[in-house]
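Below, each chain spelled out in residue letters.
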Amino acid sequence: MATGQNTEGDANPSQPTLDRTLADFDPVKKPKRNKFAFACAILASMTSVLLGYDIGVMSGANIYIQDDLKISDLQVALLVGTLNLYSLVGSAAAGRTSDRIGRRYTIVMAGAIFFLGSLLMGFATNYAFLMVGRFVAGVGVGYALMIAPVYTAEVSPASSRGCLTSFPEVFINSGILLGYVSNYAFSKLPTNLGWRFMLGIGAIPSVFLALVVIGMPESPRWLVMQGRLGEARKVLDKTSDSKEESQQRLSDIKEAAGIPQDCNDDIVQVQKQSHGEGVWKELLIYPTPSVRHILVCGIGIHFFQQASGIDAVVLYSPRIFEKAGITSSNDKLLATVAVGFTKTVFILVATFLLDRIGRRPLLLSSVGGMVLSLATLGFGLTMIDHSDEKLPWAVALSIAMVLAYVAFFSIGMGPITWVYSSEIFPLKLRAQGTSMGVAVNRVTSGVISTTFILLYKAITIGGSFFLFAGVATVGWLFFYACLPETRGRTLEDMEVLFGSFFKWRSALKDEQRKSAGGDNGGQIQMGTKAQE
């Protein structure tokens, strides 16, 4: 059909018609709109720097805090790990908050809360004061973690949603690297000042984020849910690849929100449920088969992301390198910076592959590499533990496997968790569904990071990584069996992929057969175009 249209265009002698056709598909307009969506995604995702910085800086700061405040290993574990549990408060509240006041102002709230938490930690005079600061910062982190991927998914066109929705993980990794650099930079200060500067300096980016986010547009899907169609139409025109896609996206969102297609007023009346009420009943008590499948996938991917041990490696990398035979504090911090640099580089690679290769191939390759590197790291650390003399080959192998593990994590498991969980939930359930995934993510992370010191003392540090390798293997099997590919789909077209758990492949084939035999228009065409 496309060939026939081109032929007609070439044969038509009418120059005005040809000019009008070229204007409709003006190549200059497409990058302009993509740049706007790109900028919105970057600004929203930058809130994830807050979590990354906290994770990275605490890995080094806890050593100096322990020396200065004379606290035990258990108190260190609680200090490091409980932020993830505190963030549950923020992620649980963020779903309802973002439905009430909007995605944009929820991002501003996240920055403001983290700012307060950073100041409290920086000025802490004792362990109890420090834990209060950790609680406040944790609430801010919970807000940021939930809202950044939701906003980015809702503002992105289907053709580049994978790339744009992976930005939160990019900025988490950037924040981790900044935290490591901060450790190294302030380690030269007196012990009682060094860790306070490390933690307190995190207040600076949160102020900047809160200011720049004010200039962002609101999520078009949230605007439609509030009946503000005129504003939503303007945002979609700016963030879509074409005028036709903008109209199609608005039509799909109106359908999902229960607004009649012939209703085109700038302001329309919406049902009370559009503000978030009744969602938990649809998610947990009376879910449809597709919602049940989506919920299992959304929670499962968040669980396995953290249960495979990433926070144990990132938060305790100085201790892991010490166990591997690096004794100099300076060398341990430099090796830790290398971990942060590796994570950041490989997450950038992932952003360019998500919309080209797809979610499933990257995820399965990533987790397979994680299993291999974790098992090899466990082997190397076990050999070092059971040897009375230094084994240079085992030390080198262990360091290489730590770097390989974070590289494999960053190229798939890290970003895809946020991309996948933010795009699969139906519009009405998206905020609360995503917040549930984030809650599971933070609980699992909190358990792992709080108990890691006790774990490796109980089963050896090599044994703990063998355990993580086993968990990652189970995760690979779960992903292979239950998670369908979502590349190129509009957000409103996701539910057709879910509902049959292990039989999703046959359901997808049936849908493709129906599409091939019948309708080849609008939405299917857009998805195909996005995949090319």
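Bear in mind that the values here come from a model prediction, so they are computed numbers and not experimental data.

The rules we used
Residues numbered from 1 in each chain as written. Predicted model: local features only at pLDDT ≥ 70, side-chain atom pairs only at ≥ 80, totals over all residues. Heavy atoms only, no water. Helix = DSSP H or I, 4+ residues; strand = E, 2+ residues; numbered from the N terminus. Contact = heavy atoms within 4.5 Å. Core = buried A, V, L, I, M, F, W, Y, C linked by side-chain atoms within 4.5 Å. Buried < 20%, exposed > 50% of the residue type's maximum accessible area, 1.4 Å probe, protein only. Domains from an automatic or database assignment. Polar contact = N/O pair within 3.5 Å; in protein donor to acceptor, adjacent residues only side chain to side chain. Salt bridge = Lys/Arg side-chain N within 4 Å of Asp/Glu carboxyl O. Phe/Tyr/Trp six-rings, centres within 6.5 Å; stacked < 30°, edge-to-face > 60°. Axes fitted to C-alpha atoms, helices over the stretch in contact; angles between N-to-C directions. Parallel < 35°, antiparallel > 145°, perpendicular 65-115°, else oblique. Left-handed = near helix turned anticlockwise from the far one by under 90°. Nonpolar A, V, L, I, M, F, W, Y, C, P; charged D, E, K, R; others polar. Disulfide = S-S within 2.5 Å.

Regarding the overall build of the protein chain
And step 1. Across its full length, the protein chain holds 25 helices and zero strands.
And step 2. The long-range fraction of contacts in the protein chain, counting pairs at least 24 apart against all pairs at least 6 apart in sequence, stands at 82%.

Let's talk about the nonpolar core
And step 1. Within the largest apolar cluster, 147 residues are counted, with the highest numbers of intra-cluster contacts made by Ile 65, Leu 199, Phe 465, Phe 479 and Leu 483.
And step 2. With 15 residues, helix α7 (residues 127-155) is the single largest residue contributor to this core.
And step 3. Shared between two domains, this core holds at least three residues of each, these being domain 1 (34-271) and domain 2 (283-510).
And step 4. Other than its neighbours up to four places away in sequence, Leu 199 contacts Val 57, Met 58, Ala 61, Ile 65, Ser 118, Met 121 and Leu 130.

A word on the environment of Arg 292
And step 1. Structurally, Arg 292 can be placed in helix α16 (residues 289-307).
And step 2. Taking relative accessible area as the criterion, Arg 292 reaches 38% and is therefore assigned partly exposed.
And step 3. Among the polar contacts made by the side chain of Arg 292, one reaches the main-chain carbonyl oxygen of Pro 287 at a distance of 3.4 Å.

Remarks on the pattern of salt bridges
And step 1. Tallied over the entire structure, the rule returns eight salt bridges.
And step 2. Of the charged contacts in the structure, one is a salt bridge between Glu 231 and Arg 228, with a shortest N-O distance of 2.9 Å.
And step 3. Through salt bridges with shared partners, one network takes in Asp 99, Arg 103 and Glu 154.

Overview of the packing of aromatic side chains
And step 1. All told, the structure shown has twelve aromatic pairs when counted by the stated rule.
And step 2. The interplanar angle of 65 degrees and the centroid separation of 5.3 Å between the aromatic rings of Phe 452 and Tyr 456 together place this pair among those described as edge-to-face. Highlighted residues: Phe 452 and Tyr 456, both in helix α22 (residues 430-459), separated by four residues, approximately one helical turn.
And step 3. Residue Tyr 456 is classed as buried on the basis of its relative accessible area, which comes to 9%.
And step 4. A centroid spacing of 6.3 Å and a plane angle of 20 degrees characterise the contact between Phe 452 and Phe 468, whose relative ring orientation is stacked. Here Phe 452 is found in helix α22, whereas its partner Phe 468 is found in helix α23 (residues 461-482), with 16 residues between them in sequence.

Some details on helix α10 (residues 191-200)
And step 1. For α10, the full list of buried residues reads Gly 194, Trp 195, Arg 196, Met 198, Leu 199 and Gly 200.
And step 2. Elements in contact with the buried residues of α10: α4 (49-69), α6 (103-122), α7, α9 (167-186) and α11 (203-213).

Observations concerning the environment of Ser 373
And step 1. Residue position: Ser 373 is located in helix α20 (residues 359-385).
And step 2. For Ser 373 and Phe 465, which are 92 residues apart along the polypeptide, the C-alpha to C-alpha distance reads 9.4 Å.
And step 3. For Ser 373, the contacting residues outside a window of four places in its chain are Met 401, Ala 404, Tyr 405 and Phe 408.

What about the side chain of Ser 449?
And step 1. With respect to the secondary-structure elements, Ser 449 resides in helix α22.
And step 2. What makes Ser 449 buried here is its relative accessible area of 0%.
And step 3. Looking at Ser 449, its side chain comes within polar contact range of the main-chain oxygen of Ser 445, at 2.7 Å.
And step 4. In terms of polar contacts, Ser 449 uses its side chain to reach the backbone carbonyl oxygen of Gly 446, at 3.4 Å.
And step 5. Beyond its immediate stretch of four places on either side in the chain, Ser 449 contacts Ala 77, Gly 81, Asn 84, Leu 315 and Tyr 316.

A few points about unusual backbone geometry
And step 1. Look at Lys 70: it is not a glycine, yet its phi comes out positive at around 55 degrees.
And step 2. Structurally, Lys 70 can be placed in the loop between α4 and α5 (73-101).
And step 3. Judged by its relative accessible area of 69%, Lys 70 is exposed.
And step 4. In the Ramachandran plot, Thr 460 falls in the positive-phi region, its phi being about 75 degrees despite a non-glycine side chain.
And step 5. As for its placement among the helices and strands, Thr 460 is situated in the loop between α22 and α23.

Here we look at the packing of α4 against α10
And step 1. Following both chains from N to C, one finds α4 and α10 inclined at 160 degrees, their axes separated by 9 Å at the closest point. For the element pair α4 / α10, the angle class is roughly antiparallel. In terms of crossing hand, the pair formed by α4 and α10 is left-handed. Between α4 and α10, the residues in contact are Tyr 53, Val 57, Met 58, Ala 61, Tyr 64, Ile 65, Asp 67, Asp 68 and Leu 69 and Thr 191, Asn 192, Trp 195, Arg 196, Met 198 and Leu 199, respectively.
And step 2. Grouping the constituent residues of the contact of α4 with α10 by class yields ten nonpolar, two polar and three charged.

What to know about the state of the cysteines
And step 1. If you walk through the whole model with that rule in mind, you get zero disulfides.
And step 2. Here Cys 297 is not cross-linked by a disulfide; its sulfur's nearest cysteine counterpart is in Cys 482, at 5.8 Å.
And step 3. Since its relative accessible area comes to 0%, Cys 297 is described here as buried.
And step 4. Here Cys 482 falls in the buried class, since its relative accessible area comes to 4%.

In short, the description is geometric, and any link to function would need to be established separately.
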